[in-house]
Amino acid sequence: MTFEDDELYRDITDFAHDTPTWVQHAAEVWTEAGILVFGALFVVAWWRSRRDSPHAFATAVLAPVATAVAYVCSELLKSGFAQERPCRAVAEAVPSLAACPPPGDWSFPSNHATIAGASAVALALALVRRAAIWITAPLALLMAFSRVFVGVHYPHDVAAGLLLGAVVAATGVLLGRRPATRLAEAMRASSAPAVRWLTGPGPAAGTAVDTAYVASHRRR
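Residues numbered from 1 in each chain as written. Predicted model: local features only at pLDDT ≥ 70, side-chain atom pairs only at ≥ 80, totals over all residues. Heavy atoms only, no water.

Participant: I'd like a rundown of the environment of Y154, residues and numbers included.
Facilitator: Looking at the secondary structure, you find Y154 in the loop between α6 (130–149) and α7 (155–188). Counting along the chain gives 46 residues from Y154 to F108, while the straight-line C-alpha distance between them is 8.2 Å. With sequence-adjacent residues up to four places away left out, Y154 is seen in contact with D5, D6, Y9, Q83, E84, R85, P86, A89, V90, S107 and V148. (Helix = DSSP H or I, 4+ residues; strand = E, 2+ residues; numbered from the N terminus. Contact = heavy atoms within 4.5 Å.)

Pasting the structure below:
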């Protein structure tokens, strides 16, 4: 499997070497730390959903699960395509800023970009705010670009990863939300304190939000 983006890879990595040292270091840190940022946002989404409807709680819990499924899909594709990393395969390219992964750690698609794309979409669905995508999408794009910037992925690797992650996460959340909502309702009715703490109390009893949710759910 070949793509015609070797020249674009060389252009980006040449540009990376021309940037100030602090920019290079920041890119090296962000390319890995971005996953931690998304992880923290998943925790925030879960914590907020503990006082929301079962539907919202289910979506928040499904978000990291769907992201994990996207990562597994990415790993399976890697094994099928077995594409060498550009930091070894592209002729006349400058040395990568980050250490080139060992042979056998294939390039296509980018796991980091897949996780970023999946996290961006899943979090936007979990936070249920239009503004959320304006935060998560730039973070995902920056993380994906950083993988090419530091020299460990081709541009097509990260583009495919972003698309794969977004599609798998959206599909997983939307398909799993109804059964997960029923499970969340059952868990909130549990007599086990640990389970009730995990799921949270939900909205205050008798509020308009809770009443509207229950009514709409019963009609399904």
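The structure having been displayed, the exposition proceeds.
Participant: Residue-level account of the pattern of salt bridges, with values.
Facilitator: Throughout the structure, instances matching the rule amount to four salt bridges. Put simply, R10 and E7 hold a salt bridge, and the shortest N to O gap is 3.0 Å. Residue R10 and its partner E7 are located together in helix α1 (residues 6–18), separated by three residues, close to a single helical turn. For R147, the salt bridge is made with E32, and the minimal N-O distance between the two is 3.5 Å. A residue pair is termed long-range when its members are at least 10 positions apart, and R147 in helix α6 and E32 in helix α2 (residues 21–49) qualify at 115 residues. Relative accessible area serves as the criterion here: at 6%, R147 is assigned to the buried category. Classification of E32 by relative accessible area gives partly exposed; the value is 44%. (Salt bridge = Lys/Arg side-chain N within 4 Å of Asp/Glu carboxyl O. Buried < 20%, exposed > 50% of the residue type's maximum accessible area, 1.4 Å probe, protein only.)

Participant: Could you give an account of the state of the cysteines, with specific residues and numbers?
Facilitator: Taken as a whole and judged by the stated rule, the model has one disulfide. One disulfide bridge connects C87 with C100, the sulfur atoms lying 2.0 Å from each other. Taking the sign of the S-S torsion, about 75° here, the bridge from C87 to C100 comes out right-handed. Remark: C100 occurs in the loop between α4 (86–89) and α5 (111–127) and C87 occurs in helix α4; sequence separation between them is 13 residues. Taking the relative accessible area as the measure of exposure, C87 reaches 23% and is therefore partly exposed. (Disulfide = S-S within 2.5 Å.)

Participant: Which residues make up the nonpolar core, and what values go with them?
Facilitator: Within the largest apolar cluster, 32 residues are counted, with the highest numbers of intra-cluster contacts made by F38, A116, A122, A140 and L162. Where this core is concerned, the elements lending two or more residues are α1, α2, α3 (54–81), α5, α6 and α7. For A140, the residues in contact, after removing those within four places along its chain, are F38, A116, G117, A120 and L162. If you look at the next biggest cluster of nonpolar residues, it comprises seven residues, including A16, L97, F149 and V150. (Core = buried A, V, L, I, M, F, W, Y, C linked by side-chain atoms within 4.5 Å.)

Participant: If you had to explain the confidence of the model for the protein chain to someone new, which residues and values would you point to?
Facilitator: Looking at the protein chain, pLDDT values average 84 and 89% of them are 70 or higher. When pLDDT is averaged over each helix and strand of the protein chain, the minimum, 46, is found for helix α9 (residues 208–219) and the maximum, 91, for α3. The model gives residues 205–219 a pLDDT under 50, and that stretch makes 11 contacts with residues more than four places away or in other chains. (pLDDT = per-residue confidence, 0-100.)

Participant: Please give an account of the side chain of H153 that cites residues and values.
Facilitator: Topologically, H153 is positioned in the loop between α6 and α7. Within the structure, H153 has its side chain in polar contact with the backbone oxygen of S107 (distance 3.0 Å). Within the structure, H153 has its side chain in polar contact with the side chain of D157 (distance 3.2 Å). With near-sequence residues (within four places) excluded, H153 lies in contact with Y9, K78, R85, P86, S107, P109, S110, R147, V148 and V158. (Polar contact = N/O pair within 3.5 Å; in protein donor to acceptor, adjacent residues only side chain to side chain.)

Participant: Describe in detail the packing of α2 against α5, supporting the description with residues and values.
Facilitator: In the contact formed by α2 and α5, the axes pass within 10 Å of each other and the chain directions differ by 20°. Considering the angle they form, α2 stands roughly parallel to α5. Relative to α5, the crossing made by α2 is left-handed. Facing α2, whose interface residues are T31, E32, I35, F38, L41, F42, A45 and R48, α5 presents H112, I115, A116, S119, A120, A122, L123, A126 and L127. (Axes fitted to C-alpha atoms, helices over the stretch in contact; angles between N-to-C directions. Parallel < 35°, antiparallel > 145°, perpendicular 65-115°, else oblique. Left-handed = near helix turned anticlockwise from the far one by under 90°.)

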